[in-house]
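Topology and contacts: notes
Chain by chain, the residues run as shown.
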Amino acid sequence: RDDLRILLKRRPELAATFYETVAKVASSRIRRLTEGAVSGTYTKGEGLNQAGLARVRDEARELSENTKARFLQVETALRADPYDEAAIKGVWTLLDRLQDSIHELFVTHPESEAQEIAATVLCRELHPYLVRSSLAERCIRRPQGVTGTAEILAHVLVNTAGGDGQLGEILDRWLLDRPTLAAIRSFREPTVDLVAKLLPQHRNRRALLINAGTGSLVAGLTDQLAHPPTLLTVVDQSRDALAFLDAGLTSRPRGVTLATVQENLPQFAMGRSRHTFQPQDAIIVHGLLEYMPERIAVSLLTACHDLLTPDGVVVCSAFSHSEDMDLLDRLLTWPTIRRSPDALTNIMNAAGLELVERADLESPGMLMAARQAARS
């Protein structure tokens, strides 16, 4: 609260936007609560009744219809002139409003059943338009239940827009510029720098990376950790991902030895690893905590705690809340668990770790390093 007050006092233009948004959300909530009370939508001790759920469905449908109508207008203009600046700007304005409207819809209706209905309507109505974007197409049509696949992450990291026609490329560019996806691209260099800074400099080291991802972070680590010599072990449950690392990193520095271990990551997180690991000077947890509820996250970091050398460090990446969260969670069906810096610190503390350093990243990216807490 104090940090926010200081920020708003220093940034009058930000304060104006902040309070305007708060006022809009508050007035919308009050309006809907009042309408619901008058119409009998809400019942004591329960969530929304059928009338309330129907209202949510209608709001989601109205939002979808308005968006589709505008999509047709700008697409017609782009077909006539693919470089029509007004039409291109219109797409961005439309998508900005869609993001804000989705956020307001889900903030206004926090009930799980209402949110499920709203998400179902939005996805059914808008997915045929969104799949024009290469990123949206990958997210929406990925294997059921699989999120943040290597194919999706690779497209985000390459950061080159693609899609079906001019509209598809504009959609893709707008999506790739979302704060969360920009944060994904921002993690590599600060993570490599933080690990290199905190590793011992006077002897050989061991580092453990949990989750191979696209291999981009592995490549960055191998470039930086050659002096002193380092054994870098990568743990992942995908045999294909590990095989790709072995085949793709043929030119790594002599000072780095790369070892790959196939392991069931959920079991590893629960402390049930099938493999025995030597004590590690650094453990990097990347691209995992945003998919883990608190209990599993604590269990994972506890397992990391138990694998550290006395002066070892755990480096964790995570996401805080952001304006694009509902859009990604609900419309692109890419759900993540967002936490505040304090909440992530509390999870570390519960695992017997204490924060030693935090990288300065653009929101919503978070990167923290922790060591074993001193015993009293």
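Residues numbered from 1 in each chain as written. Predicted model: local features only at pLDDT ≥ 70, side-chain atom pairs only at ≥ 80, totals over all residues. Heavy atoms only, no water.

A look at the overall build of the protein
For the protein, the helix and strand inventory stands at 16 helices and 7 strands. For a compact globule of 376 residues, the expected C-alpha radius of gyration is about 21 Å, and the protein comes in at 23 Å, within 12% of that figure. When its C-alpha atoms are laid out on the principal axes, the protein stretches across 70 × 55 × 45 Å. A total of 376 residues make up the protein; the buried ones form 48% of that total. Contacts in the protein between residues at least 24 apart in sequence constitute 71% of all its contacts with a sequence separation of at least 6. Taken as a whole, the protein presents about 19100 Å² of accessible surface, with 51% of it coming from carbon and sulfur. Mean positive and mean negative side-chain charge positions of the protein (43 and 48 charges, respectively) differ by 3 Å. (Helix = DSSP H or I, 4+ residues; strand = E, 2+ residues; numbered from the N terminus. Rg over C-alpha atoms; globule rule 2.2 N^0.38 Å. Buried < 20%, exposed > 50% of the residue type's maximum accessible area, 1.4 Å probe, protein only. Contact = heavy atoms within 4.5 Å. Areas by Shrake-Rupley, 256 points an atom, 1.4 Å probe, with all protein chains shown as cover. Lys, Arg positive; Asp, Glu negative; His and termini not counted. Charge placed at Lys NZ, Arg CZ, Asp CG, Glu CD.)

Focus: the packing of aromatic side chains
Inspection of every chain in the model, using the stated rule, returns 4 aromatic pairs. Ring geometry for Phe71 against Tyr129: centres 5.6 Å apart, planes inclined by 10 degrees, an arrangement best described as stacked. Placement of the pair is Phe71 in helix H3 (residues 50–80) and Tyr129 in helix H5 (residues 112–130), with a sequence separation of 58 residues. Summarising the aromatic geometry, the rings of Phe187 and Phe319 are spaced 5.8 Å apart at their centres and angled 45 degrees between planes, so their arrangement reads as tilted. Separated by 132 residues along the polypeptide, Phe187 in the loop between helix H9 (179–186) and helix H10 (188–198) and Phe319 in strand E5 (residues 308–319) bring together distant segments of the chain. On the basis of relative accessibility, which here comes to 4%, the residue Phe319 falls in the buried class. The cationic tip of Arg178 hangs over the ring face of Trp174; the distance from NZ or CZ to the ring centre is 3.8 Å. (Phe/Tyr/Trp six-rings, centres within 6.5 Å; stacked < 30°, edge-to-face > 60°. Lys NZ or Arg CZ within 6 Å of the ring centre and 35° of its normal.)

What to know about the nonpolar core
Of all hydrophobic cores here, the largest spans 74 residues; its most connected members are Leu122, Leu221, Leu232 and Val234. When sequence neighbours within four positions are dropped, the list of residues in contact with Leu221 reads Val192, Val195, Leu209, Leu232 and Ile284. (Core = buried A, V, L, I, M, F, W, Y, C linked by side-chain atoms within 4.5 Å.)

Some points on H9
Considered for burial, the residues of H9 that qualify are Pro179, Thr180, Leu181, Ala183 and Ile184. On its buried face, H9 sits against helix H6 (134–140), helix H7 (150–158), helix H8 (165–176), E5, helix H15 (325–331) and strand E7 (365–372).

Observations concerning the environment of Ile210
When you line up the elements, Ile210 lands in strand E1 (residues 205–210). Between the C-alpha atoms of Ile210 and Val285, which are 75 residues apart in sequence, the distance is 5.4 Å. Residues within four places of Ile210 in sequence aside, it is in contact with Val235, Leu265, Phe268, Ile283, Ile284, Val285, His286, Leu288, Leu300 and Cys304.

Considering the state of the cysteines
Enumeration according to the criterion identifies 0 disulfides in this entry. Lacking any disulfide linkage, Cys123 is separated from the closest cysteine sulfur, that of Cys139, by 11 Å. Overall, Cys123 belongs to the buried group, its relative accessible area being 13%. The structure places no disulfide on Cys316, whose sulfur is separated from the nearest cysteine sulfur, that of Cys304, by 6.8 Å. Taking relative accessible area as the criterion, Cys316 reaches 0% and is therefore assigned buried. (Disulfide = S-S within 2.5 Å.)

Let's talk about the pattern of salt bridges
Throughout the structure, instances matching the rule amount to 17 salt bridges. Among the ionic pairs, Glu75 bridges to Arg79, the shortest N-O distance being 3.4 Å. In this pair, Glu75 and Arg79 both sit in helix H3, 4 residues apart, roughly one turn of the helix. Look at Glu75 and you get buried, because its relative accessible area is 10%. Under the relative-accessibility criterion, Arg79 is labelled exposed at 67%. (Salt bridge = Lys/Arg side-chain N within 4 Å of Asp/Glu carboxyl O.)

Some details on the packing of helix H4 (residues 85–108) against H5
Axis separation between H4 and H5 bottoms out at 10 Å; the angle between their running directions is 155 degrees. When the axes of H4 and H5 are compared, the pair comes out roughly antiparallel. Judged by residue contacts, Leu98, Ile102, Leu105 and Phe106 of H4 engage Gln115, Ala118, Ala119, Leu122 and Leu126 from H5. Per-class residue counts for the contact of H4 with H5 are 8 nonpolar, 1 polar and no charged. (Axes fitted to C-alpha atoms, helices over the stretch in contact; angles between N-to-C directions. Parallel < 35°, antiparallel > 145°, perpendicular 65-115°, else oblique. Nonpolar A, V, L, I, M, F, W, Y, C, P; charged D, E, K, R; others polar.)

Some details on the sheet that holds strand E6 (residues 353–358)
With respect to topology, 7 strands assemble into an open sheet ordered E3-E2-E1-E4-E5-E7-E6, the strand pairing being mixed. With one partner strand each, in any of the chains shown, strand E3 (256–262) and E6 form the two edges of the open sheet. Neighbour-to-neighbour, the strand axes of the sheet open up by a mean angle of 20 degrees, direction not taken into account. Pairing of E1 with strand E4 (residues 280–285) involves 4 bridges; the strand directions are parallel. Bridge pairing in E4 places Ala207 opposite Ala282. Across the sheet, helix H14 (residues 294–307) touches E1, E4, E5, E6 and E7, and the angle it forms with E5 is around 155 degrees. Sheet strands touched by helix H16 (residues 341–350): E5, E6 and E7. Its angle to E7, the strand with the most contacts, is close to 25 degrees. (Pairing = 2+ DSSP bridges.)

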